[in-house]
Amino acid sequence: MRLYIAGGCGEHGRNCFYMQGETICFLVDCGVMAGESGGGYPRLSQEQIHSLDCVFLTHSHADHTGALPWLLQNGFCGPVIATQDTMIQLSPILPEAVPLESICPGGSGCFRNLKVEWGRSGHCAGSVWYRFTENEKTILFSGDYTEDTLVYPCDALRGKTADLAVLDCAYGKDETPFAISCDALVSQVAVLLKKYKLLLFPVPKYGRGLELRKLFADADLKTEFYGDALFLKNLNRVSEDPFWYTAQGAKWCTAAPYSGQKAGIVFISDPQLRTPEAKGLADAALALGGHGVMTGTVENGTLSERLIQQGQMTIARYPVHLNWAQYSALAARNQFKQIIPYHTGVFSAPSTIAF
Ligand SMILES: [Zn+2]
Ligand SMILES: [Zn+2]
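Residues numbered from 1 in each chain as written. Chains lettered and ligands numbered in written order. Predicted model: local features only at pLDDT ≥ 70, side-chain atom pairs only at ≥ 80, totals over all residues. Heavy atoms only, no water.

Turning our attention to the domain arrangement of the protein chain. Domain parsing of the protein chain yields domain 1 (2–173 + 321–354) and domain 2 (178–315). On a C-alpha basis, the centroid separation for the pair domain 1 and domain 2 is 28 Å. Between domain 1 and domain 2, the residue contacts involve 22 residues of the former and 18 residues of the latter. Summing the contributions of domain 1 and of domain 2, the shared interface buries around 1,800 Å²; its carbon and sulfur component is 62%. Interface area lost by domain 1 to domain 2 is led by Leu 150, Val 151 and Tyr 152, which between them contribute 36%. At the surface where domain 1 touches domain 2, the tally comes to 1 salt bridge. For Asp 85, the salt bridge is made with Arg 237, and the minimal N-O distance between the two is 2.9 Å. (Domains from an automatic or database assignment. Contact = heavy atoms within 4.5 Å. Buried area = accessible area lost by both parts, 1.4 Å probe. Salt bridge = Lys/Arg side-chain N within 4 Å of Asp/Glu carboxyl O.)

Structure follows, in structure tokens:
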């Protein structure tokens, strides 16, 4: 087998891995690099695109799926395989897909000659890791992965063998334990809440927002919670789906629609504040003396970046990936002959690896 890295190693974004087997060629993810003028698409040739038998997706985030329309425009017409939850989240850009659950029920199965194993990766609803085997050669992709999760289950990778593993190491050389990061975030939010009364949290459509809501409930943060329509819809799903959400039955799953209240925490399902609705909501909250809190990566040229530059938004990370300590622990708990860290500009990798 041969892995060709089309994006995602030595950089943050554009995650895309081209696999050339003996009888099958496939992609794992097809993301875009945010904010790049040329589109920030994966480094794939026309020949590679035309050779593809299928695409496997780890989850719906744009750094893993945003180049799918570009891939289709460039002639790919094979099946895209993803969990049903990922398919629903991607329905605006991906009209058709094959549910992973249908070809690999219960976590394992085959696509032609390729043996496929998968498990939940703890990063958001629908997110998975993959282990592929063809003719005795095995490669594992962690996808965006974390075992330290408050809301999303993770089928922890333990005792797995692989000739090559591509593992999440998005936080580079950072070694801060999860609990310390959470405590620091809660303390910082408590201080900001005291100062500004009204805090605005721009969060991804799927993932980190619910984790934050649970964290603030566990920390008994005394304030009111609000969210936009998608955030409230996602909160409701927690009690309905025990497969993708761990934290059922608790009182924490509450928030109200935001309508101009002057105090509380407001979740907006648009991390970079790109949509007119998100901008309008942010403007309204800031006009009331509110302050923004960015818990993930800020993208260039966005309203979130501008608010940070103007001192109207504070960065306080909530971890939804692995750092160096967690990456090293994961490597030690499995038997991988070769490992490549991805999702970070801190570590680079060769563009092609044969095994
Ligand atoms: Zn992600
Ligand atoms: Zn990612």
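All of the protein donors around the zinc ion (ligand 2) are Asp 63 (OD), His 64 (NE2), Asp 144 (OD) and His 343 (NE2); their distances to the metal are 2.0 to 2.2 Å. In this structure, the zinc ion (ligand 2) is surrounded by 4 donor atoms whose angles at the metal cover 86 to 165°, and the resulting shape is irregular. Sequence positions of the donors to the zinc ion (ligand 2) reduce to the motif D-H-x79-D-x198-H. In this structure, the zinc ion (ligand 2) lies 3.4 Å from the zinc ion (ligand 1), and both are coordinated by Asp 144. In this pair, Asp 63 is assigned in helix H2 (residues 62–65) and His 343 in the loop between strand E20 (339–342) and strand E21 (352–354), connecting sequence segments 280 residues apart. We classify Asp 63 as buried; its relative accessible area is 17%. (Donors = N, O, S within 2.8 Å, 3.2 Å for Na, K, Ca; no water. Tetrahedral: all angles 85-135°; square planar, octahedral: opposite > 155°, others 65-115°. Helix = DSSP H or I, 4+ residues; strand = E, 2+ residues; numbered from the N terminus. Buried < 20%, exposed > 50% of the residue type's maximum accessible area, 1.4 Å probe, protein only.)

Put simply, side chains in a regular strand alternate between the two faces of the sheet. Summarising burial for strand E9 (residues 128–134): 7 of the 7 residues are buried, a large majority. Residues of E9 alternate between two faces, with Val 128, Tyr 130, Phe 132 and Glu 134 on one and Trp 129, Arg 131 and Thr 133 on the opposite face, all of them buried. Here strand E8 (residues 114–120) runs beside E9; their pairing, made up of 6 bridges, is antiparallel. Pairing of Arg 120 across the sheet is with Val 128, part of E9. Of the pairings in the sheet, the one linking E9 to strand E10 (residues 137–141) comprises 5 bridges and is antiparallel in character. Its bridge partner lying in E10, Tyr 130 is registered against Phe 141. (Pairing = 2+ DSSP bridges.)

Right, let's get into the pairing of strand E17 (residues 291–294). Burial along E17 is two-sided: the residues His 291 and Val 293 and Gly 292 and Met 294 are all buried. The sheet contact formed by strand E13 (residues 198–202) and E17 spans 2 bridges and is parallel. Note on E17: the bridge partner recorded for Leu 200 is Gly 292. The sheet contact formed by E17 and strand E18 (residues 313–315) spans 3 bridges and is parallel.

Following the criterion strictly, the structure yields 21 aromatic pairs and no others. An angle of 20° between the planes, with centres 5.1 Å apart, marks the rings of Tyr 130 and Phe 132 as stacked. For Tyr 130, a relative accessible area of 0% puts it in the buried group. Residue classification places Phe 132 among the buried positions, given a relative accessible area of 0%. Measuring from ring centre to ring centre gives 5.2 Å for Trp 324 and Phe 347, while their planes differ by 35°; the resulting arrangement is tilted. Taken together, the residues Trp 324 in helix H11 (residues 324–332) and Phe 347 in the loop between E20 and E21 connect sequence positions 23 residues apart. What makes Trp 324 partly exposed here is its relative accessible area of 30%. Within the aromatic cluster, the residues linked to one another by ring pairs are Phe 17, Phe 26, Phe 56, Phe 111, Tyr 130, Phe 132, Phe 141 and Tyr 342. Positioned above the aromatic ring of Phe 243, the side-chain terminus of Arg 120 is 4.3 Å from the ring centre. Above the ring of Phe 225, the side-chain terminus of Arg 213 is found at 3.7 Å from the ring centroid. (Phe/Tyr/Trp six-rings, centres within 6.5 Å; stacked < 30°, edge-to-face > 60°. Lys NZ or Arg CZ within 6 Å of the ring centre and 35° of its normal.)

The next point concerns the coordination of the zinc ion (ligand 1). The zinc ion (ligand 1) binds to the protein through His 59 (NE2), His 61 (ND1), His 123 (NE2) and Asp 144 (OD); the donor distances cover 2.2 to 2.5 Å. With 4 donor atoms in place around the zinc ion (ligand 1) and angles of 86 to 174° between them, the coordination shape is irregular. Ordering the donors of the zinc ion (ligand 1) by residue number gives the pattern H-x1-H-x61-H-x20-D. On the basis of relative accessible area, Asp 144 is assigned to the buried category, the value being 1%.

A few words now on helix H9 (residues 276–287). Given a rise of 1.5 Å per residue, 12 residues ought to cover 16 Å, and the 16 Å separating the end C-alpha atoms of H9 matches this to within 8%. Burial in H9 covers these residues: Ala 278, Leu 281, Ala 282, Ala 285 and Leu 286. Angular distribution of buried residues about the axis of H9 spans 125°; they occupy a single face of the element. Opposite the packed face of H9, turned more than 90 degrees from it, sit the exposed residues Pro 276, Glu 277 and Ala 287. As for H9, its buried residues are in contact with E13, strand E16 (264–268), E17 and helix H10 (303–309). Following H9 by one or two positions, Gly 289 adopts a phi angle in the positive range, close to 90°. (Expected span 1.5 Å × (residues − 1). Arc of directions from axis to C-beta.)

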